[in-house]
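Summary of structural features
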Amino acid sequence: QVRLVESGGGLVQTGGSLRLSCAASGSIFSINSMGWYRQAPGNQRELVAVITSGSSTNYADFVKGRFTISRGNAKNTVYLQMNSLKPEDTAAYYCKVSVFATALGNLEVWGQGTLVTVSS
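Reading guide: rules and limits
- Residues numbered from 1 in each chain as written.
- Predicted model: local features only at pLDDT ≥ 70, side-chain atom pairs only at ≥ 80, totals over all residues.
- Heavy atoms only, no water.
- Helix = DSSP H or I, 4+ residues; strand = E, 2+ residues; numbered from the N terminus.
- Buried < 20%, exposed > 50% of the residue type's maximum accessible area, 1.4 Å probe, protein only.
- Pairing = 2+ DSSP bridges.
- Axes fitted to C-alpha atoms, helices over the stretch in contact; angles between N-to-C directions.
- Polar contact = N/O pair within 3.5 Å; in protein donor to acceptor, adjacent residues only side chain to side chain.
- Contact = heavy atoms within 4.5 Å.
- Disulfide = S-S within 2.5 Å.

Our next topic: unusual backbone geometry. Most peptide bonds take the trans form, and the phi angle of most residues other than glycine is negative. At Ser55, a position not held by glycine, the phi torsion is positive, near 70 degrees. On the secondary structure map, Ser55 appears in the loop between strand S5 (46–52) and strand S6 (57–59). Take Ser55: its relative accessible area is 44%, and that puts it in the partly exposed class. Phi angles above zero are rare outside glycine, and Ser84 is one such case at about 50 degrees. The topology assignment puts Ser84 in the loop between strand S8 (77–82) and strand S9 (91–101). For Ser84, a relative accessible area of 41% gives the class partly exposed.

Structural data, given as structure tokens:
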């Protein structure tokens, strides 16, 4: 079993910053990639940023230059530093991890989501 615990969401004013964290635990043999997605009310879930085991990163155009994805030293934690936040960034943010789990093989695991609200 693989578990994800997210934290760091909250309410912030336009132009402010937040840092999201996601820690993976459980029967993980290796982590292939870790990423952040978001879903605003009435919208589909969309990719925000992803980082691979080789530390390659990919960002959605709407966050380039404002958000930074990184992994912790233990490599089982992923962060999303969000700067220059805009009201349109308001959404539930979800962590997704692609892992090779012991006895379970390849899995994609989603976190429970953390709400980010940016006030104008």
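As summarised here, the arrangement of the four strands in space is S1-S3-S8-S7, forming an open sheet in which the pairing is antiparallel. The open sheet has two edge strands with one neighbour each: strand S1 (2–7) and strand S7 (67–71). Averaged over all neighbouring strand pairs, the angle between strand axes comes to 15 degrees, with direction disregarded. Across five bridges, S7 lies against S8 in antiparallel orientation. Within S8, the position partnered with Ile69 by the bridge is Leu80.

A word on the side chain of Arg66. With respect to the helices and strands, the residue Arg66 is situated in the loop between S6 and S7. A polar contact of 2.8 Å, which involves the side chain of Arg66, links it to the backbone oxygen of Phe62. Looking at Arg66, its side chain comes within polar contact range of the main-chain oxygen of Ser84, at 3.0 Å. With near-sequence residues (within four places) excluded, Arg66 lies in contact with Gln81, Met82, Asn83, Ser84, Leu85, Lys86 and Asp89.

Right, let's get into the state of the cysteines. Under the counting rule described, the total for this entry stands at one disulfide. Disulfide pairing is shown between Cys22 and Cys95; the S-S distance is 2.2 Å. The S-S bond linking Cys22 to Cys95 shows a torsion near -80 degrees; that makes this disulfide left-handed. Residue Cys22 is found in strand S3 (residues 18–26), and its partner Cys95 is found in strand S9; the two are separated by 73 residues along the sequence. No difference in accessibility class separates Cys22 from Cys95, as the two residues are buried.

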